[in-house]
Amino acid sequence: MTTEIVIVGGGVGGTVTANRLQKELHREVSSGDVRIRLVSETPYHVYKPTFFYVPWGEAEPEDASRPLADLVDRRIDLVYDRVTHIDTSGKSLDLAENGSIPYDYLVVATGAAPDIEGTPGFGADGNGHHIYDAEAAMELRRELSAFDSGRLVFSVVEMPHVCPAVPIEFTMLADARFRQLGTRDDIDITYTYPISQLHSVDAAAEWVEPRFDDRGIETYTEFAFDTVDSDAEVIHAADGTELEYDLLVGVPGFEPSPLIAESGLGESWMEVDKHTLESDHADGVFGVGDVTNIPTSKAGSVAHYAAGTVVDRVAALARGHEPRTTFDGDAICFLEAGTDSGSHMSFTYDSEPVIRNETEFVHWAKLAYNETYWLTARGLA
Ligand SMILES: Cc1cc2nc3c(=O)[nH]c(=O)nc-3n(C[C@H](O)[C@H](O)[C@H](O)COP(=O)(O)OP(=O)(O)OC[C@H]3O[C@@H](n4cnc5c(N)ncnc54)[C@H](O)[C@@H]3O)c2cc1C
């Protein structure tokens, strides 16, 4: 009997998991004892951090995307379809167009999607901008190209947000870019955050405060969006504060695919054991990446490290062994401080985040990582 391993989602977590599982189980796959299938609703793998550079004309949307077939080991069966339901008692998946497929072990890596319509000021009736997909990043590029005076408000509207660095990095990059363009004196930058400090990670909040001060960036904490009058360009906060803007950019709310709740894998985010990454609700089912409820950042680095744990555990189970590898919540995030220096922070479930010295080297290291990412996706780094 062939052991069926199915991975859902061809993003960071799913692609790294699939390639590393193939590497680990290559003998079993060659002999037909194991089959690995990756189900992706799109034939492309998207590396979202590239969108950060698109509004500034430093990257194009196509730079963020590669055909999955070029990244995934050819011995893995690629299925391009959307999973519409997971039957965890019958151990099968329903696909939108190709019937259903069985699994013995399932890895869910369906990510987190921005809830644009549910975020005040950002839906069809709003004029808020974001960088969470290629089209939105290009729209923001068009806005920025004509923006040479007024107030740019950068707001984190809801939490948790995907990538902890984005709010800090975007705001500092905007400051640096406007200085280079000679427009900074005519542009006010305001940053709002929904809790009582400038970032949810204490160390990042402490790191950013003096840097925003030095750059003349105005800040509001505990700023909870209530409504946005997009015609008048005013944000109304829950405490009655009114904030006018000429350009609103921000981090919308995020949500998992409805597949999770509908399949009984969690009320909202997929509920897993934070160390084994196994579903709290179904046997043989694992979660990797942004879709899970693990108590750490939603970041590509977390998806990458978590994939390593899931690969070891699934490979052990497929061989009839007791899985031993556990996940400690490893995360690493670059923090760009403008255009020529950067820092990075790392943390685990049990260790407080540490922010390293800000250097030019780290800035170049981040750019270099973005280039070599495609090796990571292939499971080679
Ligand atoms: C602008 C930006 C900058 C970022 N910068 C960084 C950074 O510097 N460092 C960092 O670590 N992280 C960063 N991130 C976050 C990082 O991109 C995510 O954390 C990472 O992509 C999560 O990987 P994932 O596999 O969980 O989800 P994703 O990469 O989002 O992949 C999910 C995949 O599942 C597919 N899918 C969803 N539902 C289904 C279904 N029902 N059936 C089939 N397929 C489905 C989707 O199409 C998608 O391909 C950034 C994100 C953004 C947007």
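Starting from 1, residues in each chain are numbered consecutively following that chain's sequence as written. In keeping with the predicted nature of the model, local features appear solely for residues at pLDDT of at least 70, side-chain atom pairs appear and are counted solely at 80 or more, and the whole-chain, interface and lining totals rest on all residues. Water and hydrogen atoms were dropped before computing side-chain values, which therefore reflect all heavy atoms in the structure.

**What about the pairing of strand β6 (residues 83-87)?**
Right, on to step 1. Whether two strands pair depends on DSSP finding at least two bridges between them. Only DSSP runs of H or I reaching four residues or more are called helices, and only runs of E reaching two or more are called strands; each is numbered from the N terminus. The pairing of β6 with strand β7 (residues 92-95) spans 4 bridges and is antiparallel. Bridge pairing links Asp-87 to Ser-92 in β7.

**Here we look at the domain arrangement of the protein**
By a frequent convention, interface size equals the accessible area lost on bringing the separate parts together.
Right, on to step 1. Those domain boundaries reflect an automatic or database domain assignment. Examined at the domain level, the protein breaks down into domain 1 (3-112 + 256-330) and domain 2 (117-252).
Right, on to step 2. Each of domain 1 and domain 2 has a C-alpha centre, and the two are 32 Å apart.
Right, on to step 3. Each partner contributes to the interface: domain 1 provides 16 residues, whereas domain 2 provides 20 residues.
Right, on to step 4. The quantity reported as buried area is the accessible area (1.4 Å probe) lost by two parts once they are put together, taken as the sum for both. Taken over both partners, the interface formed by domain 1 and domain 2 buries close to 1,600 Å², and the fraction arising from carbon and sulfur atoms is 72%. Whether two residues are in contact is decided by their heavy atoms, any of which lying within 4.5 Å being enough.

**Here's the deal with the sheet that holds strand β21 (residues 342-347)**
Right, on to step 1. Taken together, the 3 strands give an open sheet; going across it, the order is β20-β21-β22, and neighbouring strands pair in antiparallel fashion. Of all the strands in the sheet, the pair left with one neighbour each is β20 (331-336) and β22 (354-355).
Right, on to step 2. Of the strand pairs in this sheet, β20 and β21 are connected by 6 bridges, and their pairing is antiparallel. Bridging across to β21, Ala-331 finds its partner in Phe-347.
Right, on to step 3. In this fold helix α9 (residues 360-377) packs onto β20 and β21, with an angle of close to 115° to the strand it touches most, β20. Angular values range over 0 to 180 degrees, each being the angle between N-to-C directions of two axes fitted as lines to C-alpha atoms, with helices fitted over their stretch in contact.

**A few points about the site of the ligand**
Right, on to step 1. As a matter of local geometry, the ligand sits amid 31 residues, with Gly-13, Glu-41, Lys-48, Asp-290 and Gly-300 nearest to it.
Right, on to step 2. Any N or O atom pair separated by 3.5 Å or less is treated as a polar contact, with the protein-specific requirement of one donor-capable and one acceptor-capable atom, and with residues adjacent in sequence counted only for side-chain atom pairs. Between the ligand and Gly-13, the relevant distance is 2.7 Å, taken from an oxygen atom to a main-chain nitrogen or oxygen of the residue.
Right, on to step 3. Taking Gly-300, its main chain carries an N or O atom lying 2.9 Å from an oxygen atom of the ligand.
Right, on to step 4. The accessible surface values rely on the Shrake-Rupley method and a 1.4 Å probe; as for residues, cover is taken only from the protein chains in view. For the ligand, the protein covers 92% of the area, taking 1,000 Å² as the surface of the free molecule.
Right, on to step 5. Breaking the shell around the ligand down by element, the ones donating at least two residues are α1 (12-24), β2 (34-40) and α8 (300-318).
Right, on to step 6. Residue classes follow a fixed rule: Ala, Val, Leu, Ile, Met, Phe, Trp, Tyr, Cys and Pro count as nonpolar, while Asp, Glu, Lys and Arg count as charged, and any other residue, Gly among them, counts as polar. Grouping the constituent residues of the shell around the ligand by class yields 13 nonpolar, 11 polar and 7 charged.
Right, on to step 7. Shared between two domains, the shell around the ligand takes at least three residues from each, and those domains are domain 1 (3-112 + 256-330) and domain 2 (117-252). Summary of the distance rule: residues count as near a molecule or strand when at least one heavy atom falls within 4 Å of that molecule or strand.

**Focus on the pairing of strand β9 (residues 105-108)**
Every regular strand shows the same layout, with side chains that alternate between the two sheet faces.
Right, on to step 1. Alternating positions in β9 separate into two faces, Tyr-105 and Val-107 on one and Leu-106 and Val-108 on the other, with burial throughout.
Right, on to step 2. Taken together, the 4 bridges between strand β1 (residues 3-8) and β9 define a ladder with parallel strand orientation. Paired with Ile-5 across the two strands is Tyr-105, which belongs to β9.
Right, on to step 3. Note that β9 and strand β19 (residues 285-287) share 3 bridges and pair parallel. The partner of Val-107 across the bridge, within β19, is Phe-286. Between buried and exposed lies partly exposed: a residue is buried under 20% and exposed over 50% of the maximum accessible area for its type, with that area taken using a 1.4 Å probe on protein chains only.

**Quick look at the side chain of His-45**
Right, on to step 1. Position of His-45 relative to the elements: it lies in strand β3 (residues 44-46).
Right, on to step 2. On the basis of relative accessibility, which here comes to 0%, the residue His-45 falls in the buried class.
Right, on to step 3. Here His-45 is in contact with Gly-10, Gly-11, Val-12, Thr-15, Ala-64, Ser-65, Arg-66, Leu-68, Leu-71, Tyr-373, Trp-374 and Ala-377, once residues within four sequence places are set aside.

**Thoughts on a negative patch on the surface**
Right, on to step 1. Taken together, the side chains of Asp-202, Glu-206, Glu-209, Asp-213, Asp-214 and Glu-352 present a region of like negative charge at the surface.
Right, on to step 2. Among the secondary structure elements, Glu-352 is positioned in the loop between β21 and β22. Here a patch means residues that are over 30% exposed by relative accessible area and free of salt bridges, tied together within 9 Å if like-charged and within 5 Å if nonpolar (Val, Leu, Ile, Met, Phe, Trp, Tyr). Salt bridge, as applied in this entry: a Lys or Arg side-chain nitrogen positioned within 4 Å of an Asp or Glu carboxyl oxygen. We treat Lys and Arg as the positive residues and Asp and Glu as the negative residues; His and chain ends play no part in the count. For the purpose of locating charges, the reference atoms are NZ of Lys, CZ of Arg, CG of Asp and CD of Glu.

**So, the pattern of salt bridges**
A pair can form between side chains of opposite charge whenever their charged atoms are brought close.
Right, on to step 1. Summed over the entire model, instances satisfying the criterion amount to 15 salt bridges.
Right, on to step 2. Across the pair Arg-151 and Glu-218 runs a salt bridge whose closest N-O atoms are separated by 3.0 Å. Taken together, the residues span a long stretch of sequence, with Arg-151 in strand β11 (residues 150-156) and Glu-218 in strand β13 (residues 218-220) at a distance of 67 residues.
Right, on to step 3. With a closest N to O distance of 2.7 Å, Asp-175 and Arg-184 form a salt bridge.
Right, on to step 4. Given the relative accessible area of 10%, Arg-184 is considered buried.
Right, on to step 5. Here the residues in one salt-bridge network are Glu-4, Arg-35, Arg-37 and Asp-77, joined through shared partners.

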